[in-house]
Amino acid sequence: MPAYRPPRIAASEITPEPFFLDRRRFLAAAGGLVLGGAGVADAAELKASGSRYKVEETLTPEKDVTTYNNFYEFGTGKGDPAANSGGFKPAPWRVKVDGLVGKPREFGLEELLALPLEERTYRMRCVEAWSMVIPWVGFPLASLLDKVEPLGSAKYVAFETVVRPEEMPGQSGYFQPLPWPYREGLRLDEARHPLTILSVGLYGKTLPNQNGAPIRLVVPWKYGFKGIKSIVRISLTDTPPPCTWNLAAPDEYGFYANVNPAVDHPRWSQATENRIGEGGFFGSNRRDTLAFNGYADDVAGLYSDMDLRVNF
Ligand code: MTE
């Protein structure tokens, strides 16, 4: 837990409905990438698309969201990603989308930022039993997948993080905590679910390097390690993709990794979680963990024929 204790903010103050964000300013912050281009002139606002996309809970302060991170490419300490990612260059950037698709191709960051962006305020529950509430900016992964026309044979989606040892000290030091690139995967129906987004920002600003700039996955009903950062490749496959933590410790980190208070990690309980930035010396920040991280109404049906103790 960080020592910093931020003030509490009423949910009503931080979740105005509908939410508007000036797209021109957002793109300017993203490096002036398409200023003056066609994508900027026609869209002046961002809108939240529905209440299930906005958790009515106190937002985790931006300072905590951007200084308490897991991004092992920059070190394994919670403060390492913020401290060590200053030299990382999130632009220019390209994402290759290939595999079992009719139209494989690369997308430049400008093209992705020109997609209709939305704000999504989601809970994030790390497998380490801490959690946050984060106002992401992004677009549904499904809208990108549609552009490459997945084939009928595609069943899974595989993701890969960039490998840049010269910019990522965790990839170049004597101690290598994980094999690179960091990899993750989803079933195609999970990837196409409307809650699943690719995020390009948070708190109405460009995504900070430590949070996965310039583009990272957010799947709010799964443990945070599924949210792969700094993505350079997305491939559609017919077999389950390799996933970094699942390969490293298959008895501790499953492929599905759905948030589940009834299935403990072998070394700790998953029944409760620490909400980062709340509580403090006299107050408790411990709260019950919710099935599917509170998104059961939306996603439990995806797993109705599965034993979630086996497929954890
Ligand atoms: N992606 C990459 N490439 N490398 C990582 O180490 N850590 C994961 C996930 N994505 C990680 C990653 C874990 S364990 C978590 S909990 C989330 O990122 C943390 O996201 P945050 O730092 O933005 O809160």
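Numbering of residues starts from 1 in every chain and runs along the sequence as written. A pLDDT threshold of at least 70 governs which residues receive local features in this predicted model, and a stricter bar of 80 or more applies before side-chain atom pairs are shown or counted, although totals over entire chains, interfaces and linings include all residues. Remark: hydrogens and water are excluded; side-chain values derive from all non-hydrogen atoms of the structure.

1. Some remarks on empty space enclosed by the protein
Using a grid of 1 Å spacing that covers the protein atoms alone, one calls a set of points a cavity when a 1.4 Å probe fits there but cannot get out, and a pocket when the set is open and has protein on both sides within 12 Å along at least five of seven lines; lining residues are those with an atom within 4 Å of a point. Grid points are joined across faces, edges and corners, and a volume is the space filled by probe spheres set on the points. Under the criterion given, the structure shown has two cavities of 30 Å³ or more. Space inside the largest cavity adds up to approximately 90 Å³. Residue lining of the largest cavity: 15 residues in total, with Met124, Val218, Val219, Lys222 and Gly224 positioned closest to the centre. Runs of E in the DSSP output that reach at least two residues are strands. Runs of H or I that reach at least four are helices, and both are numbered from the N terminus. Broken down by secondary-structure element, the contributors of at least two residues to the lining of the largest cavity are strand E3 (118-125) and strand E9 (216-218). Classification used: nonpolar for Ala, Val, Leu, Ile, Met, Phe, Trp, Tyr, Cys and Pro, charged for Asp, Glu, Lys and Arg, polar for all others including Gly. Among the residues forming the lining of the largest cavity, the class breakdown is seven nonpolar, three polar and five charged.

2. Observations concerning the packing of aromatic side chains
Only the six-membered ring of Trp is used, alongside the rings of Phe and Tyr, when aromatic pairs are assigned; centres must lie within 6.5 Å, and planes under 30 degrees apart are stacked while those over 60 apart are edge-to-face, with the rest tilted. All told, the structure shown has 12 aromatic pairs when counted by the stated rule. With a centroid separation of 5.7 Å and an interplanar angle of 80 degrees, the aromatic rings of tyrosine 72 and tryptophan 245 are classed as edge-to-face. In this pair, tyrosine 72 is assigned in the loop between helix H4 (62-65) and helix H5 (80-84) and tryptophan 245 in helix H9 (residues 244-248), connecting sequence segments 173 residues apart. Exposure categories follow from relative accessible area, calculated using a 1.4 Å probe and restricted to protein chains: below 20% of the type maximum is buried, above 50% is exposed, and the middle band is partly exposed. Accessibility expressed as a relative area gives 17% for tyrosine 72, which makes it buried. Aromatic pair phenylalanine 225 and tyrosine 253: ring centres 5.5 Å apart, planes at 80 degrees, arrangement edge-to-face. One end of the pair, phenylalanine 225, is in the loop between E9 and strand E10 (231-237); the other, tyrosine 253, is in the loop between H9 and strand E11 (272-275), with 28 residues separating them in the sequence. The exposure class assigned to phenylalanine 225 is buried, which follows from its relative accessible area of 9%. For tyrosine 253, a relative accessible area of 9% gives the class buried.

3. As for the side chain of glutamate 273
With respect to the element layout, glutamate 273 can be found in strand E11. We classify glutamate 273 as buried; its relative accessible area is 2%. Counted as a polar contact is a pair of N or O atoms within 3.5 Å, where, for protein atoms, one must be capable of donating a hydrogen and the other of accepting one, and residues adjacent in sequence contribute only when both atoms are in side chains. Of note is the side chain of glutamate 273, whose polar atom sits 3.1 Å from the side chain of arginine 125. Contacts are assigned to residue pairs with any non-hydrogen atoms lying within 4.5 Å of each other. Aside from chain neighbours lying at most four places away, what touches glutamate 273 is Arg125, Ala129, Ser131, Asn285, Arg286, Arg287, Asp288 and Thr289.

4. Some remarks on the confidence of the model for the protein
The predictor rates its confidence in each residue with pLDDT, a number between 0 and 100. Of all residues in the protein, 84% have pLDDT values of 70 or greater, and the mean over the chain is 87. Low pLDDT, under 50, characterises residues 1-20; the stretch is placed with 37 contacts to residues that sit more than four places away or in other chains.

5. Remarks on the site of the ligand
Not every one of the 16 residues close to the ligand is listed here, only the nearest: Asn69, Tyr72, Glu73, Gly227 and Lys229. Between the ligand and glycine 227 there is a distance of 2.9 Å, counted from a nitrogen atom to a backbone nitrogen or oxygen. When isolated, the ligand has an accessible area of 540 Å², and the protein chains bury 98% of it. Judged by the fraction of its atoms near the pocket grid, the ligand is located in the largest pocket. Residue composition of the shell around the ligand, grouped by class: seven nonpolar, six polar and three charged. One heavy atom within 4 Å of a molecule or strand makes the whole residue count as near it. Each accessible area is a Shrake-Rupley result for a 1.4 Å probe, and residues are judged covered by the shown protein chains and nothing else. Assignment of a molecule to a cavity or pocket requires that more than half of its atoms lie within 2 Å of the corresponding grid points.

6. So, the sheet that holds strand E2 (residues 105-108)
Between any two strands, pairing holds if DSSP finds at least two bridges. The five strands are arranged E2-E1-E10-E5-E6 in an open sheet whose pairing can be described as mixed. Every interior strand has two partners, whereas the edge strands, E2 and strand E6 (183-187), have only one. Strand-to-strand twist across the sheet, computed as the mean angle between neighbouring axes with direction ignored, equals 20 degrees. In this structure, strand E5 (residues 156-161) lies alongside E6, joined through five bridges in antiparallel fashion. Pairing of phenylalanine 159 across the sheet is with glutamate 184, part of E6. In this analysis an axis means a line fitted to C-alpha atoms, helices contributing only their contacting stretch, and an angle means the value between N-to-C directions, from 0 to 180 degrees.

7. Quick look at the pairing of E10
Extensive coverage of E10 is indicated by the burial of five of its seven residues. Inspection of the sheet shows strand E1 (residues 94-99) paired to E10 by four bridges, in the parallel sense. Each bridged residue has a counterpart across the sheet, and for valine 97 the counterpart in E10 is isoleucine 234.

8. Overview of the UniProt feature "binding site: Mo-molybdopterin" (unreviewed entry) in the protein
UniProt positions are given in the numbering used here, feature names are shortened, and annotations may be inferred rather than shown by experiment. Under the local residue numbering, the UniProt record ascribes the feature "binding site: Mo-molybdopterin" (unreviewed entry) to Asn69, Tyr72, Glu73, Cys126, Thr161, Asn211, Arg216, Gly227, Ile228 and Lys229. From the set just named, the residues that line the largest cavity comprise Arg216 and Gly227. Counting through the fold element by element, cysteine 126 comes out in the loop between E3 and strand E4 (130-140). Leave out the neighbours within four places in its chain, and cysteine 126 touches Asn70, Tyr223 and Gly224. Along the chain, arginine 216 falls in strand E9. Aside from chain neighbours lying at most four places away, what touches arginine 216 is Met124, Trp136, Ile197, Leu198, Ser199, Leu207, Asn211, Gly227, Ile228, Lys229, Ser230 and Ile231.

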